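Chain by chain, the residues run as shown.
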Amino acid sequence: MPTRILPAVGDADAVRSLTTLLSQLPDAEPVAPVVDSTQLVDTLARLAAESVDELPEVVVVHERIGPVPALELIREVALRFPAVGVILVTTDASPGLFSAAMDSGARGLVALPLSYEELASRVQAVAQWSTGVRRHLGHGGDVFTGVGGTVVTVSGAKGGVGATVTAVQLALAAQASGRSTALVDLDLQTGDVASYLDVQFRRSVVDLAGITDITPRVLADAVFRHDTGVSLLLAPAEGERGEEVTDRAARHLVSALRSRYEVVVIDCGAQLGGAGATAVEMADRALLVTTPDVVAVRGAKRAVRLWDRLQIRKAEETTIVVNRHSRHTEIQPPLIQKITGTGVAATAIPAGYKELQAAVDAGRLHELDHKGAVKQALWTLAGELGLVKSVEGHRAGGRGRGDRGAVRFRGRKEGGG
């Protein structure tokens, strides 16, 4: 059986030399190369969604791949697609880099300039390893495989627009439908998830910041299992410690969570930091919550343009959620869509101060009235986003008012109320 090899190389000259050499290997079947880290992950995710058997046995990553650095990319591929063997091609064949590559999940390293014998030897060994892993998975081993969980970020156009409430209810809806769900508070200085759910827990996201190999046991020690079943990863009690969560740490964290939970909801806050920006960039769906007033909509437009300038996310890949909506307000969702250039969720969240106040003050946001309009709308939104297994099974979620399947969601959040 031929060995499928996927080259991930950004440099045109390197692509030609590598593909030429790969095509000469015995029983090798090189596939069309990908030119950056995003295309590689998207390609593997698409193939994994069909079957683990559709994945290439070997991925060859060039050291100059981008925008995600090669070692970070290898770590993400190893976490999300454990049946794929990765080989790093690099000019630096030092023991230090070899060790770092192995720690990141690579199965081999080949030095530049390329040698036919060395490349053939590495590809053969890695292909045999990959085949063995797939044979194990084929016997029903308890190994998480495939595309991984869905990551949704929730951001606020400004403070106080209700992003935290949105994030909490989306996570509760996903968990209630039977999906394993993690709720992460990346509003690192002013996060309120713990307060909204009446939780006191000494561990936080900071405890994972310095760990590059986040194992299931390490992750389990850092999360709090709420009574609802949602796994909580909280913001630090001391806001200044949020600086310890770098963009690199956030990338490791999101990858680890994606590999362990079916749904990961991340509350990013209204202020854009390195960790939040990384989460928004990596998310499958990014939500930006706004209220239908001039100041908030201007904030939403500002955030969308900022994300685009920083190449975190394009406007068309961002979805606005309109909170505290009323038919009587002058600013309606179609106008917000026109102003921001984004998609707008079909489900708008009505204003409901009386419904929310008692639950928020008591820290019991998970006990909102099932018949309340706010909870029904938020759980309907979860269904629209595809976070729940069956909307019909949860009357509190209401009935979906349409699924804008053509809209691609991704987002970030702010402290809600």
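Our subject is the structure listed above.
First, a word on scope: everything that follows refers to the structure included in this document. Everything numeric here is computed off the predicted structure, so don't read it as measured data.

Let's talk about helix 6 (residues 163-176)
Move 1: Taking 1.5 Å per residue, 14 residues should reach 20 Å; helix 6 reaches 20 Å between its end C-alpha atoms and fits that length.
Move 2: For helix 6, the tally of buried residues reaches 13 of 14 residues, placing the bulk of the element in the interior.
Move 3: Looking one or two residues beyond helix 6, the residue adopting positive phi is Gly 178, at roughly 105 degrees.

Describing the sheet that holds strand 8 (residues 224-225)
Move 1: Ordered in space as 8-9-7-10-6-11-12-13, the 8 strands form an open sheet in which the pairing is mixed. Across the chains shown, the open sheet's two edge strands, defined by having one partner strand only, are strand 8 and strand 13 (343-344).
Move 2: Summarising the sheet, strand 11 (residues 285-290) and strand 12 (residues 318-322) pair through 4 bridges and their orientation is parallel. When the bridges of strand 12 are listed, Leu 288 appears paired with Ile 320.
Move 3: Contacts from helix 10 (residues 274-282) reach strand 6 (150-156), strand 10 (263-269) and strand 11, with the element oriented near 140 degrees to strand 10.

So, the pattern of salt bridges
Move 1: Per the counting criterion, the structure on display carries 9 salt bridges.
Move 2: In this structure, Glu 244 engages Arg 241 in a salt bridge whose closest nitrogen and oxygen atoms are separated by 2.9 Å.
Move 3: On the basis of relative accessible area, Glu 244 is assigned to the partly exposed category, the value being 38%.
Move 4: Of the charged contacts, one joins Asp 284 and Arg 258 as a salt bridge, the two residues approaching to 2.8 Å between their closest N and O atoms. With Asp 284 in the loop between helix 10 and strand 11 and Arg 258 in helix 9 (residues 247-260), the pair connects residues that are 26 residues apart, well separated along the chain.
Move 5: A cluster of three or more residues bridged by salt bridges with shared partners is formed by Asp 198, Arg 364 and Glu 367.

Things to note about the sheet that holds strand 3 (residues 58-62)
Move 1: Ordered in space as 2-1-3-4-5, the 5 strands form an open sheet in which the pairing is parallel. With one partner strand each, in any of the chains shown, strand 2 (28-30) and strand 5 (108-111) form the two edges of the open sheet. Neighbour to neighbour, the strand axes of the sheet diverge by 25 degrees on average, direction disregarded.
Move 2: Taken together, the 4 bridges between strand 1 (residues 3-8) and strand 3 define a ladder with parallel strand orientation. Residue Ile 5 lies in a different strand from strand 3, and its bridge partner there is Val 58.
Move 3: Packing against the sheet, helix 2 (residues 37-50) makes contact with strand 1 and strand 3, and its axis sits at approximately 150 degrees to strand 1.

So, how was this worked out
In every chain, residue numbers begin from 1 and rise along the written sequence. Restriction of local features to residues with pLDDT of at least 70 applies here, the model being predicted, together with a cutoff of 80 or more for giving and counting side-chain atom pairs; totals for whole chains, interfaces and linings are based on all residues. Remark: hydrogens and water are excluded; side-chain values derive from all non-hydrogen atoms of the structure. Each helix is a run of DSSP H or I of at least 4 residues and each strand a run of E of at least 2, with the numbering of both proceeding from the N terminus. To estimate how far a helix should extend, the number of its residues minus one is multiplied by 1.5 Å. Only protein chains enter the accessibility calculation, which uses a 1.4 Å probe. A residue is then buried if its area is under 20% of the maximum for its type, exposed if over 50%, and partly exposed in between. Strand pairing requires that DSSP identify at least two bridges connecting the strands. Only heavy atoms matter for contacts: two residues are in contact if any of them lie within 4.5 Å across the pair. Lines are fitted to the C-alpha atoms to define the axes, a helix being fitted only along its stretch in contact, and any angle between axes, read from their N-to-C directions, falls within 0 to 180 degrees. Salt bridges are defined as contacts in which a side-chain nitrogen from Lys or Arg sits within 4 Å of a carboxyl oxygen from Asp or Glu.

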